Amino acid sequence: MPEAYIVDAVRTPVGRRNGGLAGVHPADLAAHTLRELVSRSGIDAAAIDDVVLGCLDNIGAQAGDIARTAALAAGYPESVPGVTIDRQCGSAQQAVSFAAMGVMSGAQDLVVAGGVQKMSQFPILSAFGAGEPFGSVDPWSGCEGWQARFGDQEISQFRGAEMMAAHWKLTRDDCEAWAYQSHQRAIAAIDAGYFEREITPIAGISTDEGPRRDTTREKMSGLQTLVPDGVLTAGVASQISDGAAALLIASERAVDQHGLTPRARVHHFSVRGDDPVMMLSAPISATQHALKKVGLTIDDIDVVEINEAFAPVVLAWNIELNADPAKVNPNGGAIALGHPIGCTGARLMTSLLHELERTGGRYGLQTMCEGGGQANVTIIERI
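Please read all numbers here as calculations on a predicted model, not as lab measurements.

Conventions we followed
- Residues numbered from 1 in each chain as written.
- Predicted model: local features only at pLDDT ≥ 70, side-chain atom pairs only at ≥ 80, totals over all residues.
- Heavy atoms only, no water.
- 1 Å grid on protein atoms, 1.4 Å probe; cavity = no way out; pocket = protein on both sides within 12 Å on 5 of 7 lines; lining within 4 Å.
- Points joined across faces, edges and corners; volume = space filled by probe spheres on them.
- Helix = DSSP H or I, 4+ residues; strand = E, 2+ residues; numbered from the N terminus.
- Salt bridge = Lys/Arg side-chain N within 4 Å of Asp/Glu carboxyl O.
- Nonpolar A, V, L, I, M, F, W, Y, C, P; charged D, E, K, R; others polar.
- Expected span 1.5 Å × (residues − 1).
- Buried < 20%, exposed > 50% of the residue type's maximum accessible area, 1.4 Å probe, protein only.
- Phe/Tyr/Trp six-rings, centres within 6.5 Å; stacked < 30°, edge-to-face > 60°.
- Lys NZ or Arg CZ within 6 Å of the ring centre and 35° of its normal.
- Patch = residues over 30% accessible without salt bridge, like charges linked within 9 Å, V, L, I, M, F, W, Y side chains within 5 Å.
- Areas by Shrake-Rupley, 256 points an atom, 1.4 Å probe, with all protein chains shown as cover.
- Contact = heavy atoms within 4.5 Å.
- Core = buried A, V, L, I, M, F, W, Y, C linked by side-chain atoms within 4.5 Å.
- Pairing = 2+ DSSP bridges.
- Axes fitted to C-alpha atoms, helices over the stretch in contact; angles between N-to-C directions.
- Left-handed = near helix turned anticlockwise from the far one by under 90°.
- Disulfide = S-S within 2.5 Å.

Chemist: How do you make sense of the layout of surface pockets when you look at a structure like this?
Modeler: Gaps between atoms show up when a probe of the same size as a water molecule is rolled over them. For the largest pocket, the calculated volume is near 720 Å³. Considering the residues around the largest pocket, the lining is formed by 34 residues, among which Ala234, Ala237, Ser238, Gln239 and Ile240 are closest to the centre. When residues of the lining of the largest pocket are traced back to their parent elements, those giving at least two are helix 5 (157-167), helix 7 (217-221) and strand 9 (363-370).

This is how it looks when you write it as structure tokens:
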């Protein structure tokens, strides 16, 4: 089967809500990474077959197929098309999968895949109903098929995270311990310069803004839970953020033709559905499915990036997968670094690639929970 290679991967810093990237147009944010890919790889942008970007809440400045807008804003020739996709939080990871599919099918040779989200401008909107707080809308109201199957119970990411905590008997202390570790790992990675190679500075910002150096367990314990007797607080949830990331996916023919140097190959990609009510548990069964399909075990994986939408997502996943905790989000996750939802899948993949190279690991696995009870899994192999 033809291979799909990752030639390069770049990202902006992840900006806090109303932080250093708040004044940048989302198309310019994405365009910045698109230009950087061309600059780093030395390719002629006219050779790019497509630009595939993840982005949710496609309204206002993020409407009108922002992938195409970003490609034009980046100075790509008008012949280069773009398409914007929405698989909820997994949108940018799905963009990488679609790019790999195009290359492995032989239909395409060079595809840019990534994502962008400007949450400062469109804060926690939902693809279920733009303009409403995420999780508070009911897109299934009046849908007879849905209500016959699931009734009229509350469907939200917050309830799902609490359900996971209850099911896997996770305490508030468990969640806060993981969240605190996320900040400490992210701060250590920043101080050691681990992210410098993957970040392309923009708007005077060169460092992720999310990690809180003044965070303590005592401060976390003082935060109010979202529901009485619950475990979730703002301190154990991903941060509202701005950011963009992009990867260059190439065929073997393109590698030879353009004199490119592959850094990894896409070893596996899949997506699975799970309980849409619990919603956030899908990475467990999706990871089990992916490992079985490729004949690997979790011990074969050198680095794991699983999106920290909420601490229970990662903790429950690791109870079931039994991965070495040191390999899971080794440089912090979305609780510390932030979660610009349409971008995060590409941000995680970019960081995963660079961490494999830094440590000399072979296999990296990425997964994340998504609205509707879904999860993507991608396994890459460092070359």
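Chemist: How should I be thinking about the pattern of salt bridges in this particular structure?
Modeler: Between side chains of opposite charge, a pair can form as their charged atoms come close. For the structure on display, the rule yields 15 salt bridges. Measuring nitrogen to oxygen at the nearest pair gives 2.6 Å for the salt bridge that ties Glu176 to Arg172. Placement of both Glu176 and Arg172 in helix 6 (residues 172-192) is noted, with a separation of 4 residues, approximately one turn of the helix. In the salt-bridge network here, residues are joined through shared partners; they are Glu3, Arg265, Arg362 and Glu381.

Chemist: Please explain empty space enclosed by the protein as it appears in this structure.
Modeler: In this structure the tally under the stated criterion is 1 cavity of 30 Å³ or more. Here the largest cavity defines a volume of roughly 40 Å³. Residue lining of the largest cavity: Tyr194, Phe195, Glu198, Asn331, Ser351, His354, Glu355 and Arg358, and that is the complete set. For the lining of the largest cavity, the residue count by class is 2 nonpolar, 3 polar and 3 charged.

Chemist: Would you mind showing me how to read helix 3 (residues 91-104) here?
Modeler: Every α-helix carries 3.6 residues per turn, so stepping three or four residues along brings you back to the same face. Here helix 3 spans 20 Å end to end across 14 residues, near enough to the 20 Å set by a 1.5 Å rise per residue. Here helix 3 lies mainly inside the structure; 12 of its 14 residues are buried. Here helix 3 has its buried residues at Ser91, Ala92, Gln93, Gln94, Ala95, Val96, Ser97, Ala99, Ala100, Gly102, Val103 and Met104.

Chemist: Looking at this structure, how should I read the packing of aromatic side chains?
Modeler: The geometry of an aromatic ring pair comes down to the distance between the two centres and the angle between the two planes. In the structure shown here, the tally under the stated rule is 2 aromatic pairs. Ring geometry for Phe158 against Phe310: centres 6.0 Å apart, planes inclined by 80 degrees, an arrangement best described as edge-to-face. Within this pair, whereas Phe158 is found in helix 5, its partner Phe310 is found in the loop between strand 8 (303-306) and helix 10 (311-321), the two being separated by 152 residues in sequence. Directly above the ring of Phe195 sits Arg11, whose terminal nitrogen or CZ lies 5.1 Å from the centroid. Stacked on the ring of Tyr194, the Lys or Arg Arg358 has its end atom at 3.7 Å from the ring centre.

Chemist: Sorry, what's going on with unusual backbone geometry here?
Modeler: Among all residues save glycine, negative phi is the norm, and among peptide bonds the norm is trans. The backbone of Asp57 shows a phi angle near 55 degrees, a positive value even though the residue is not glycine. Here Asp57 is to be found in the loop between strand 3 (50-54) and helix 2 (66-73). Positive phi, close to 55 degrees, is recorded for Lys169, a residue that is not glycine. The residue Lys169 is located in the loop between helix 5 and helix 6 in this model.

Chemist: Could you clarify how one ought to interpret a nonpolar patch on the surface in this entry?
Modeler: A cluster of nonpolar side chains, Phe158, Leu226 and Val227, forms an exposed patch at the surface whose accessible area comes to about 240 Å². The topology assignment puts Leu226 in the loop between helix 7 and strand 6 (241-250).

Chemist: Mind showing me how you'd approach the side chain of Thr344 here?
Modeler: Inspection of the secondary structure assignment puts Thr344 in helix 12 (residues 344-359). With near-sequence residues (within four places) excluded, Thr344 lies in contact with Asn307, His339 and Met368.

Chemist: Whenever I open this one, the nonpolar core confuses me. Can you help?
Modeler: The nonpolar side chains of a soluble globular protein tend to be buried with one another. Leu280, Leu291, Ile301, Phe310, Trp317 and Val328 are the most contacted members of the largest nonpolar core, which has 49 residues in total. Secondary structure elements with two or more residues in this core: helix 4 (144-150), helix 5, helix 6, helix 9 (282-294), strand 8, helix 10, strand 9 and strand 10 (374-382). Ranked by residues supplied to this core, first place goes to helix 10 with 7 residues. When sequence neighbours within four positions are dropped, the list of residues in contact with Leu280 reads Gln157, Gly160, Ala161, Met164, Phe310, Val313 and Cys369. Among the nonpolar cores identified, the runner-up in size contains 37 residues, and Val24, Leu53, Ile66 and Val116 belong to it.

Chemist: Please clarify how the pairing of strand 4 (residues 82-85) should be interpreted in this entry.
Modeler: Sheet faces and side chains relate simply in a regular strand, where the side chains alternate between the two faces. Pairing of strand 3 with strand 4 involves 4 bridges; the strand directions are parallel. Bridging from a neighbouring strand, Leu53 pairs with Thr84 of strand 4.

Chemist: I would appreciate a short explanation of the packing of helix 5 against helix 10 in the present structure.
Modeler: A packed helix pair is summarised by two numbers, namely the angle formed by the two axes and the spacing between the axes. Contact geometry of helix 5 with helix 10 gives a least axis separation of 9 Å together with a crossing angle of 35 degrees. Handedness of the helix 5/helix 10 crossing: left-handed. Between helix 5 and helix 10, the contacting residues are Ala161, Met164 and Ala165 on the first element and Pro312, Val313 and Ala316 on the second.

Chemist: Looking at this structure, I do not really get the state of the cysteines. What am I missing?
Modeler: The term disulfide refers to a covalent linkage connecting the sulfur atoms of a pair of cysteines. This model, assessed by the stated rule, comprises 0 disulfides. Free cysteine Cys55: the closest other cysteine sulfur is in Cys343, separated by 9.8 Å. Cys369 forms no disulfide, and the closest cysteine sulfur to it belongs to Cys89, at a distance of 6.1 Å.

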